[in-house]
Amino acid sequence: MGRGRAKAKQTKVARDLKYRSVNMDLESLERELRGGKRQQEDSHGEDGLSDEYADIAEKYAHYGEDE
C-alpha cells in the first residue's frame, strides 16, 4: 500500500531537480570526478596518516607485524 506514496514522493523530487534553477560549481565537480587531491589529503605524510594520528600509529604499529 505504501508504494503509491513512495512513487509520488520520488516524482515530486524528480520534478524539483529537473526544473529548479541551481547554481552548480562545475569546476568542483570536475575535480571530484577526475580524482583531484583535496586539501585534507595534502596534510598526510608518506604513510597516509595525518600528523594528529601519527603518535597513535606508532603506539600500535607492532600489532601489524608478523613475528
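Small disclaimer: the values here were computed from a predicted structure and weren't measured. (Residues numbered from 1 in each chain as written. Predicted model: local features only at pLDDT ≥ 70, side-chain atom pairs only at ≥ 80, totals over all residues. Heavy atoms only, no water.)

What to know about the overall build of the chain
Consideration 1: Counting secondary structure elements, the chain contains 4 helices and 0 strands.
Consideration 2: Listed N to C, the secondary structure of the chain is α-α-α-α in terms of helices and strands.
Consideration 3: With 67 residues in all, the chain has 1% of them scored as buried.
Consideration 4: Counting only carbon and sulfur atoms, one obtains 49% of the accessible surface of the chain, whose full area is about 7,200 Å². (Helix = DSSP H or I, 4+ residues; strand = E, 2+ residues; numbered from the N terminus. Buried < 20%, exposed > 50% of the residue type's maximum accessible area, 1.4 Å probe, protein only. Areas by Shrake-Rupley, 256 points an atom, 1.4 Å probe, with all protein chains shown as cover.)

Details of helix α2 (residues 26-34)
Consideration 1: Counted residue by residue, α2 has 0 buried out of 9 residues, so it is predominantly exposed.
Consideration 2: Once α2 finishes, Gly35 follows within two positions and takes phi at roughly 85°, a positive value.

Quick word on a nonpolar patch on the surface
Consideration 1: Taken together, the side chains of Val22, Met24, Leu26, Leu29 and Leu33 make up a nonpolar region of the molecular surface, amounting to roughly 540 Å² of accessible area.
Consideration 2: Mapped onto the elements, Val22 comes out in the loop between α1 (3-19) and α2.
Consideration 3: On the accessibility criterion, Val22 (48% relative accessible area) is partly exposed. (Patch = residues over 30% accessible without salt bridge, like charges linked within 9 Å, V, L, I, M, F, W, Y side chains within 5 Å. Salt bridge = Lys/Arg side-chain N within 4 Å of Asp/Glu carboxyl O.)

Details of the pattern of salt bridges
Consideration 1: One pass over the structure, following the stated rule, counts 1 salt bridge.
Consideration 2: Between Arg34 and Glu30 there is a salt bridge; the shortest N-O distance is 3.0 Å. A residue pair is termed a helical-turn pair when its members lie 3 or 4 positions apart in one helix, as Arg34 and Glu30 do in helix α2 at 4 residues.

A look at the confidence of the model for the chain
In low-pLDDT regions, the fine details of the predicted coordinates are not to be read closely.
Consideration 1: With 72% of its residues at a pLDDT of 70 or more, the chain shows a mean pLDDT of 77.
Consideration 2: The weakest mean pLDDT in the chain belongs to helix α3 (residues 39-42) at 52; the strongest belongs to α1 at 90. (pLDDT = per-residue confidence, 0-100.)

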